[in-house]
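Here's the letter readout for the chains.
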Amino acid sequence: MVDTLTRNKSIAVVVVDSVAALILQLEIDNVEVRVNLKLAQENCPADQVTCGGNALPFYVAVRMKLFKKALLKTRDKATGLGICVKVIRNKLAPAMTNAELTIKFRRGICCESEILELACEHGIILNKGGSYFIEGKTLNTQEEAEDFLTANSSVLDHIVKNLRCQLFERKSKPK
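Remember, predicted model here, so these are calculated numbers, not experimental data.

Chemist: How do you make sense of the environment of Asn-140 when you look at a structure like this?
Modeler: Structurally, the position occupied by Asn-140 is in the loop between strand E7 (137-139) and helix H6 (142-151). Considering only alpha carbons, one finds Asn-140 and Gly-130, ten residues apart in sequence, at a separation of 6.5 Å. Not counting the four nearest positions on each side in its chain, Asn-140 is found in contact with Gly-130 and Ser-131.

Structure (structure tokens):
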């Protein structure tokens, strides 16, 4: 009802007096959901802060939690963070999935590590004994390989194009 009114722009402000008003009637009728909501409220840590207020966890489509896994260092200097992202709630796909990513200071999310991993999985880059073979060059560590991809954007773009062709291109099946 509220969705219909807001989409039609019939109303401008919606005031909700409780979290229970945000839950669908079908969910309220379901006893399992009631029990799960009660358990979730009892087990919720007191120090957990949710931007948007207490009602947001019940209404959002996707909710994620970020955990710091490691501090990345190069020669005793902090260069970034290893982050684990856990999907707590997802209305569009299965929840409780994890993703790991690297955030480099002064650069942002590091896509080179993921591209390197995927390219090794799909045979675009050879990885033997900890060494990486990229475009005729031998790199001894993963960090060297990532730095090489960062410095050579044309090589990185070529690898990404090859990955996209392998992963996303639909091949027609013979009849």
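Chemist: Help me understand the sheet that holds strand E3 (residues 98-104), please; the structure alone is not making it clear to me.
Modeler: Backbone-to-backbone hydrogen bonds pair the strands of a sheet. The strands run either parallel or antiparallel. Spatially, E1-E2-E3-E4 is the arrangement adopted by the four strands of the open sheet, whose pairing is antiparallel. The open sheet is flanked by strand E1 (62-74) and strand E4 (108-109), the only strands paired with a single partner. Here seven bridges tie strand E2 (residues 77-90) to E3, and the two strands are oriented antiparallel to one another. Note on E3: the bridge partner recorded for Gly-80 is Lys-104.

Chemist: Please explain the nonpolar core as it appears in this structure.
Modeler: For soluble globular proteins, nonpolar side chains are generally found buried alongside one another. Grouped together as the largest cluster of nonpolar side chains are 15 residues, with contacts concentrated most on Leu-116, Ile-125, Tyr-132, Ile-134, Leu-149 and Ile-159. Elements that contribute at least two residues to this core include exactly helix H5 (112-121), strand E6 (131-134), H6 and helix H7 (153-168). Looking at this core element by element, the count peaks at five residues for H7. If we ignore the near neighbours within four places in the chain, the residues touching Ile-134 are Leu-116, Ile-125, Leu-139, Ala-145, Phe-148, Leu-149, Val-155 and Ile-159.

Chemist: Whenever I open this one, the layout of surface pockets confuses me. Can you help?
Modeler: Over the atoms rolls a probe the size of a water molecule, and in doing so it shows where empty space is left. Taken as a whole, the second largest pocket encloses approximately 710 Å³ of empty space. What lines the second largest pocket is a set of 25 residues, and nearest its centre among them are Leu-72, Thr-102, Lys-104, Ser-113 and Glu-146. When residues of the lining of the second largest pocket are traced back to their parent elements, those giving at least two are E1, E2, E3, H5 and H6. Looking at the lining of the second largest pocket, its residues break down into nine nonpolar, six polar and ten charged.

Chemist: Would you mind going over the pattern of salt bridges with me for this structure?
Modeler: Note on pairing: side chains with opposite charge can pair once their charged atoms come close. A complete count under the given rule lists two salt bridges for this structure. One salt bridge connects Glu-100 with Lys-69, and the closest N-O pair in it is separated by 3.0 Å. Of the two residues, Glu-100 sits in strand E3 while Lys-69 sits in strand E1, which places them 31 residues apart along the sequence. Residue class for Glu-100 comes out exposed when judged on its relative accessible area of 60%. For the salt bridge of Glu-112 with Arg-107, the shortest nitrogen-to-oxygen distance reads 3.0 Å. Residue classification places Glu-112 among the buried positions, given a relative accessible area of 5%.

Conventions we followed
Residues numbered from 1 in each chain as written. Predicted model: local features only at pLDDT ≥ 70, side-chain atom pairs only at ≥ 80, totals over all residues. Heavy atoms only, no water. Helix = DSSP H or I, 4+ residues; strand = E, 2+ residues; numbered from the N terminus. Contact = heavy atoms within 4.5 Å. Pairing = 2+ DSSP bridges. Core = buried A, V, L, I, M, F, W, Y, C linked by side-chain atoms within 4.5 Å. Buried < 20%, exposed > 50% of the residue type's maximum accessible area, 1.4 Å probe, protein only. 1 Å grid on protein atoms, 1.4 Å probe; cavity = no way out; pocket = protein on both sides within 12 Å on 5 of 7 lines; lining within 4 Å. Points joined across faces, edges and corners; volume = space filled by probe spheres on them. Nonpolar A, V, L, I, M, F, W, Y, C, P; charged D, E, K, R; others polar. Salt bridge = Lys/Arg side-chain N within 4 Å of Asp/Glu carboxyl O.

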